[in-house]
Amino acid sequence: METPPLKRRRLAELAGLKHVSDRALASILGKLDDLGGVAAHAGRARGTIAKAVKADAMTPTTYGHLLANVDLPLASGGVYHWSVVHPAALLSWLCQVSASFNDHMTSLHAQKPATVASPWSIVVYVDEATAGNMLRQDPTRKSYLWFWQFAEFGPELLSREGNWFLGGMLRSNIAHNLAGGISCMFKHWVKHFFSPGASFHDGITCDGLSKVFVIKAALHTVLADADAMKAIWRFKGSSGCKPCQFCMNVVSSRSRHIGGRFVSVESPEVRSFCLHTDQTVWGAADHLAQLKTGTHTKKHFAEQEQMLGLPYHPEGVLWDHDLRTHVRPISASVTGMVPCVRGWGHC
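Residues numbered from 1 in each chain as written. Predicted model: local features only at pLDDT ≥ 70, side-chain atom pairs only at ≥ 80, totals over all residues. Heavy atoms only, no water.

Here we look at the overall build of the protein
Just so we agree on the cut-off: Helix and strand definitions here come from DSSP, where helices need a minimum of 4 consecutive H or I residues and strands a minimum of 2 consecutive E residues; each element is numbered from the N-terminal end. A simple rule labels every residue: compare its accessible area, found with a 1.4 Å probe on the protein chains alone, to the largest value its type can have, and call it buried under 20%, exposed over 50%, or partly exposed in between. Throughout, a contact is declared for two residues whenever any of their heavy atoms are within 4.5 Å. Residue exposure ignores everything except the shown protein chains as possible cover, and the areas themselves are Shrake-Rupley values with a 1.4 Å probe.
Of the regular secondary structure elements, the protein holds 12 helices and 13 strands. Taking all 347 residues of the protein together, the buried fraction comes to 44%. In the protein, the share of contacts with a sequence separation of at least 24, taken over all contacts with a separation of at least 6, comes to 62%. Summed over its atoms, the accessible surface of the protein is roughly 18,100 Å², and 56% of this surface lies on carbon and sulfur atoms.

Structure follows, in structure tokens:
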């Protein structure tokens, strides 16, 4: 006879399978139970399924529970308590409960050991999605979803949506009310990859079913569409004076600054474009931080923000100096062909 923890694990594995809702799963289990097929599951209500998933997520690992709590500052004051999936705990947990995942990770690590000299590449993907009926969307249910995976998994596995790890989810109406917006949310989430004692830079120990191995990895790519990308780094984007986050001197065709070192976005002279680097973006962020602490007028500060195409906020990821070792705003950013990149598995 199955023990209660094993029954909860089986229900948790069924939840969300191939996008089946808890309501539909409860109905299927109920029908099978009536036919005498799943009596061993001892529970078919939505509440029972939800409790099974929650109990499974609270399984302790070397790096704590799967779900980590984050206090996000609100623009109106106070904090919002956000739950995210801790990346190190997730890997440790998966290697313990899934023989197939453990075998794949062991084989992959044997083929390409994740070392300091040759770390694995972490790929982060962010997008907005609306749950529910696609023919009658409810804007209040729109959410930001954060996914991640190792580029070493290869094109075939990365092209399948189910092979990406869910890192976190937050309703859009809450995210936009945070101090620092989406950039603040990204900062607090990505910190879990490099937190003391659980840093991929120093190495994550995976206690597999047959072997213990260490994974060292670095943030290699941030995938997002144009709107999400400018929200992550707090660039003004197409709505501002500088429409391109990758260019230092390209300005809107309506800008009064065209001329000299500034070039119109309509200019065909591509050779005159001066590209940003990670260092120049950080320099612009530091420049605004210094101006903010000075005696400059609000008008002058607003003009500087417009010229740089970068609205200042201390809660933004660009102003977190500790993360600059790991998170790069230009060399790690990939946008434009995001659906194709993620769908085809090429990073």
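This is not the end of the story, as more comes after the structure.
Describing the nonpolar core
Threshold: Definition of nonpolar core: a set of buried residues of the types Ala, Val, Leu, Ile, Met, Phe, Trp, Tyr and Cys, connected through side-chain atoms within 4.5 Å.
Counting 77 residues, the largest nonpolar core has Trp146, Trp148, Phe150 and Phe186 as its most contacted members. Looking at this core element by element, the count peaks at seven residues for helix H4 (residues 87-97).

Things to note about the sheet that holds strand E3 (residues 120-130)
Using the following cut-off: In short, DSSP must find at least two bridges between two strands for them to pair. Only C-alpha atoms enter the line fits that serve as axes; for helices the fit covers just the stretch in contact. Angles between N-to-C directions range over 0 to 180 degrees.
In space, the five strands of this open sheet follow the order E5-E4-E3-E10-E13, with mixed pairing throughout. Two strands lie at the open edges of the sheet, namely strand E5 (165-171) and strand E13 (333-334), each paired on one side alone. Pairing between E3 and strand E10 (residues 217-223): six bridges, direction parallel. If you follow Tyr125 over to E10, its bridge partner there is Leu223. Here helix H8 (residues 181-190) sits on the sheet in contact with E3, strand E4 (142-150), E5 and E10, set at roughly 35 degrees to E4.

So, the pairing of E4
Taken across its nine residues, E4 has eight buried, putting it largely inside the fold. Where E3 meets E4, nine bridges bridge the pair, whose relative direction is antiparallel. Directly across from Val123, in E4, lies its bridge partner Gln149. As paired elements, E4 and E5 share six bridges and run antiparallel to each other. Within E5, the position partnered with Trp146 by the bridge is Gly168.

What about the pattern of salt bridges?
A side chain with one charge can pair with a side chain of the opposite charge if their charged atoms come near. Condition: Salt bridge, as used here: a side-chain nitrogen of Lys or Arg that lies within 4 Å of a carboxyl oxygen of Asp or Glu.
In the structure shown here, the tally under the stated rule is five salt bridges. The closest approach of N and O atoms between Lys187 and Glu315, which form a salt bridge, is 2.9 Å. Taken together, the positions of Lys187 in helix H8 and Glu315 in the loop between helix H11 (298-308) and E13 put the pair 128 residues apart, joining distant regions of the chain. The class for Lys187 is buried, based on a relative accessible area of 6%. We note a salt bridge from Arg324 to Asp286, for which the minimum N-O separation is 2.8 Å. Of this pair, Arg324 sits in the loop between H11 and E13 while Asp286 sits in helix H10 (residues 278-292), placing them 38 residues apart in sequence. Judged by relative accessible area, which is 23%, Asp286 ranks as partly exposed.

Regarding H4
The buried count for H4 comes to nine of 11 residues, which makes it a mostly enclosed element. When H4 is considered as a whole, its buried residues turn out to be Pro87, Ala88, Ala89, Leu90, Leu91, Ser92, Trp93, Leu94 and Cys95.

Overview of the packing of H4 against helix H5 (residues 99-111)
Definition in use: Here the word oblique covers every angle except those under 35 degrees (roughly parallel), over 145 (roughly antiparallel) and from 65 to 115 (roughly perpendicular). Any residue that is not Ala, Val, Leu, Ile, Met, Phe, Trp, Tyr, Cys, Pro, Asp, Glu, Lys or Arg is counted as polar, Gly included; the first ten are nonpolar and the last four charged.
Direction vectors running N to C along H4 and H5 enclose 115 degrees, while the axes themselves pass 5 Å from each other. Here H4 lies roughly perpendicular to H5, going by the angle between them. Judged by residue contacts, Leu91, Leu94, Cys95 and Val97 of H4 engage Ala99, Phe101, Asn102 and Met105 from H5. Its residues placed into classes, the contact of H4 with H5 shows seven nonpolar, one polar and no charged.

Overview of the confidence of the model for the protein
Where we set the bar: Looking at any residue, its pLDDT shows the predictor's confidence there, from 0 to 100.
On average, the protein scores 83 in pLDDT, and the residues at 70 or more come to 81%. Looking over the protein, one finds the lowest element-wise mean pLDDT in helix H12 (residues 338-344), namely 46, and the highest in H8, namely 96. Between residues 339-347, whose pLDDT stays under 50, and residues either more than four places distant or in other chains, the model counts 20 contacts.

Things to note about empty space enclosed by the protein
Formally: With a 1 Å grid laid over protein atoms only, a set of points is called a cavity when a 1.4 Å probe fits there but cannot get out and a pocket when it is open yet has protein on both sides within 12 Å along at least five of seven lines; lining residues have an atom within 4 Å of a point. Grid points are joined across faces, edges and corners, and a volume is the space filled by probe spheres set on the points.
Considering all chains together, one arrives at two cavities of 30 Å³ or more under this definition. Lining the largest cavity we find Trp233, Trp282, Val317, Leu318, Asp320, Leu323, Arg324, Val327 and Pro329. Each residue belonging to the lining of the largest cavity can be placed in one class, and the counts come to seven nonpolar, no polar and two charged.

Regarding the packing of H8 against helix H9 (residues 226-233)
Between two packed helices, what matters for the description is the angle formed by their axes and the separation of those axes. Taken N-terminus to C-terminus, the directions of H8 and H9 make an angle of 75 degrees; their axes are 6 Å apart at the nearest point. With respect to each other, H8 and H9 are oriented roughly perpendicular. In this structure, H8 contributes Ile182, Ser183 and Phe186 to the contact, and H9 contributes Ala231, Ile232 and Trp233. When its residues are assigned to classes, the contact of H8 with H9 shows five nonpolar, one polar and no charged.

Re the packing of aromatic side chains
Selection criterion: Paired rings are identified among Phe, Tyr and Trp, the last through its six-membered ring, by centres lying within 6.5 Å, and are further divided according to the angle between planes into stacked (under 30 degrees), edge-to-face (over 60) and tilted (the rest). For a Lys NZ or an Arg CZ to count as sitting over a ring, it must be within 6 Å of the ring centre and within 35 degrees of the ring normal.
Enumeration according to the criterion identifies 18 aromatic pairs in this entry. Between Trp146 and Trp189, the aromatic rings sit 5.5 Å apart at their centres with planes inclined by 35 degrees, giving tilted as the arrangement. Taken as a pair, Trp146 in strand E4 and Trp189 in helix H8 lie far apart in primary sequence, 43 residues in all. By the burial criterion, Trp146 is buried, and Trp189 matches it. Taken together, a centroid distance of 6.4 Å and an interplanar angle of 45 degrees make the contact between Phe193 and Phe194 tilted. The pair formed by Phe193 and Phe194 is uniform in burial state, with each residue classed as buried. A cation over a ring is seen here: Lys292 above Phe301, with NZ or CZ 4.8 Å from the ring centre.

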